[in-house]
Amino acid sequence: MEKEPVYVTKPSLGPLEDFVGYLEQIWSTGVMTHNGPLMQQLEKQLSAYLDVSDTVCLANGTSAMQLAIRALDLQGEVITTPFTFIASASSIVWERCTPVFVDIEPGNWNIDPLKIEQAITARTCAILPVHVFSAPCDVKTISEIARHHDLKVIYDAAHAMCVKVNGQSIMRYGDISCTSFHATKIYNTCEGGACFSDDPALNARIRRLRFFGFDEEKNVVDAGINAKMTEISAALGLVNLKGLDQVQMNRRRMYQLYQSGLVSCAVTFQQFNATEYNYSYMPVLFESEEQLLRVEKALQAENIFPRRYFYPPVHTMAGFQSGSLPVAESVSSRILCLPLYDSLQDEEIAGICRIVSSV
Ligand code: T4K
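Chains are numbered independently. Their residues run from 1 in the order of the written sequence. Confidence filtering applies because this is a predicted model: local features only for residues at pLDDT of at least 70, side-chain atom pairs given and counted only at 80 or more, and all residues used for totals across whole chains, interfaces and linings. Excluding hydrogens and water, the side-chain values take into account all heavy atoms of the structure.

Before going further, it helps to examine the side chain of T55. Numbering of helices and strands runs from the N terminus, with a helix taken as a DSSP run of H or I at least four residues long and a strand as a DSSP run of E at least two residues long. Residue placement: T55 occurs in the loop between α2 (37-50) and β2 (56-58). A polar side-chain atom of T55 sits 2.9 Å from a polar atom in the side chain of S47. The residues contacting T55, other than those within four sequence positions of it, are E43, L46, S47, A194, C195, F196 and R207. Pairing of N or O atoms within 3.5 Å defines a polar contact, subject to two protein rules: one partner must be a possible hydrogen donor and the other a possible acceptor, and residues neighboring in sequence count only if both atoms are side-chain atoms. Between two residues, a contact is recorded if the distance between any of their heavy atoms is within 4.5 Å.

Okay, here's the thing in structure tokens:
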């Protein structure tokens with residue numbers, strides 16, 4: 001009999017009966033969307049859980065970045081990383097700004113602050129760094145550069161739910177931080193996302209922008225769009241929030257199992273501070289792309305499906321082409337994300353490590 005496939009991830013879901021309880025509430029009130037009570041409750045609970053001043057829930061992480069760019073009225077060049085999911089760059093383009101890609105650091109794979117300084121021109125309006133795989137960017141240096149050059153900072157914190165830097169939520173850095181609650185993320189609302197800012201005026205503007213530009217009296221006061229979170233997504237968010245601490249603990253333990261299982265292999269791991277990481281991905285850096293491809297093939301032969309997050313780097317994709325960025329190109333060609341999710345069994349991890357080691 002063929003083995004069940006093992007994918008790179010699987011959503012972490014709280015108890016179904018809790019979700020059904022919320023669905024009964026939705027069925028009886030008929031309120032399904034438009035700043036509903038469950039979404040408001042989720043915003044409050046997320047703010048308390050993350051210890052942030054406010055949370056603006058949205059339809060997804062991509063709309064979070066687009067509304068952040070809109071809310072800050074950005075125009076011109078936005079400096080960003082090529083080692084990310086396409087949405088980081090495409091949201092810049094959709095907001096009619098120009099992404100300018102700079103290279104990454106070889107150890108933690110995030111945007112290199114030195115390269116940011118070199119890329120600043122008279123047209124630069126903002127920096128959009130990504131905390132890739134949840135490892136924090138050099139937030140201190142980036143905020144100094146931004147202050148010095150009078151630039152805005154929007155963090156793509158899609159991977160970084162629950163991460164703390166210097167004891168405070170990573171969502172508190174930058175003018176606005178954006179995250180994703182997609183099904184493949186450590187915390188999910190099926191589809192969903194959020195913006196975080198300490199500026200009440202910015203939060204109010206993002207709330208208007210997500211709802212066609214309506215103010216509280218339903219007058220259109222801004223050029224908005226539909227980026228609302230539904231009550232069904234919010235219900236799922238409330239259910240999944242309860243188990244999130246446990247999910248993180250499980251993942252940390254599994255990450256460590258992988259590390260010890262791969263100890264004899266010629267692979268390296270992302271550089272991060274153990275208290276500033278959420279273990280949502282299991283990225284492994286091989287010595288060569290050829291090695292990676294052999295490992296990928298051997299795993300696939302056993303019905304195990306790791307993923308090449310993020311390959312190719314965005315600056316080489318059609319429509320984004322720019323000059324060579326050697327660190328991003330090299331790292332991107334050699335990283336494979338191994339399966340990591342809540343219900344993955346220790347024996348499955350051991351089996352994956354055996355296959356990687358044998359190759
Ligand atoms: N910024 C960054 C840095 C991001 O990584 C992302 C999203 C964003 C911004 C934008 O946020 P959103 O607008 O998406 O909220 C996934 C996700 O679609 C995407 O959210 C995510 N990053 C990106 C890294 O990965 P794929 O191409 O991996 O999806 P897919 O369908 O191949 O799923 C991978 C595996 O997950 C499947 O093999 C099985 C499992 N899976 C997937 C889904 C959708 C499930 O078990 N259940 C599911 O419902 O894109």
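Two pairing modes exist for strands in a sheet, parallel and antiparallel, and in both the strands are linked by backbone hydrogen bonds. Pairing between strands is defined by DSSP: at least two bridges between the two strands are required. The strand order β11-β12-β14 describes an open sheet built from three strands, whose pairing is antiparallel. Only two strands of the sheet have a single neighbouring strand rather than two, namely β11 (267-269) and β14 (335-338). Pairs of neighbouring strands in the sheet enclose a mean axial angle of 40°, with direction left out of account. Where strand β12 (residues 282-286) lies against β14, four bridges are found, and the strand directions are antiparallel. Its bridge partner being in β14, V284 is matched across the sheet by L336. On top of the sheet, helix α9 (residues 244-261) reaches β11, β12 and β14; it is set at about 20° to β12, its chief contact. Only C-alpha atoms enter the line fits that serve as axes; for helices the fit covers just the stretch in contact. Angles between N-to-C directions range over 0 to 180 degrees.

Residues M161 and Y187 are the most contacted members of the largest nonpolar core, which totals 49 residues. Listed by contribution, the elements that provide at least two residues to this core are α1 (16-29), α2, α5 (113-119), α6 (139-149), β6 (152-156), β10 (193-196), α8 (231-242) and α9. Of all the elements, α8 adds the most residues to this core, at six residues. Setting aside chain neighbours within four positions, we find M161 in contact with L46, L50, M171, T179, F181, I186, Y187, L244 and N278. Residues belong to one nonpolar core when they are buried, are Ala, Val, Leu, Ile, Met, Phe, Trp, Tyr or Cys, and are joined through side-chain atoms within 4.5 Å. Here's how the labels work: a residue is buried when its accessible area is under 20% of the maximum for its type, exposed when over 50%, partly exposed in between, all with a 1.4 Å probe on protein chains only. Counting residues in each nonpolar core, the second largest holds 46 residues, with L262, L299, F310 and V331 among its members.

It is worth spelling out the site of the ligand at this point. By nearness alone, 26 residues border the ligand, and T62, D156, S180, R307 and Y309 come closest of all. A distance of 2.8 Å separates a nitrogen atom of the ligand from a polar side-chain atom of K185. Each accessible area value is a Shrake-Rupley result obtained with a 1.4 Å probe; residue values ignore everything except the protein chains displayed when judging cover. Notes on the ligand: free accessible area 920 Å², of which the protein chains cover 74%. No other element matches the three residues that helix α3 (residues 61-71) contributes to the shell around the ligand. In terms of residue class, the shell around the ligand is built from 11 nonpolar, 11 polar and four charged. The nearness test applies per residue and asks whether one of its heavy atoms lies within 4 Å of the molecule or strand. Following the grouping adopted for this structure description, the nonpolar residues are Ala, Val, Leu, Ile, Met, Phe, Trp, Tyr, Cys and Pro, the charged ones are Asp, Glu, Lys and Arg, and the polar ones are all others, Gly among them.

Between rings of Phe, Tyr and Trp, where Trp is taken as its six-membered ring, a pair exists when centres lie within 6.5 Å; planes separated by under 30 degrees are stacked, by over 60 edge-to-face, and by other angles tilted. Overall, the coordinates contain 21 aromatic pairs when judged by the stated rule. With centroids separated by 5.1 Å and ring planes inclined at 85°, the aromatic side chains of F181 and Y187 adopt a geometry described as edge-to-face. Classification of F181 by relative accessible area gives buried; the value is 0%. Here the aromatic rings of Y309 and F310 are separated by 5.4 Å at their centres, their planes lie at 40°, and the arrangement is tilted. Of the aromatic side chains, those joined through ring pairs into one cluster are F83, F85, W109, F133, Y281, Y309 and F310. Between K218 and the ring centre of F214, over which it is positioned, the NZ or CZ distance is 5.3 Å. The criterion for a charge sitting over a ring is simple: Lys NZ or Arg CZ within 6 Å of the ring centre, and within 35 degrees of the ring normal.

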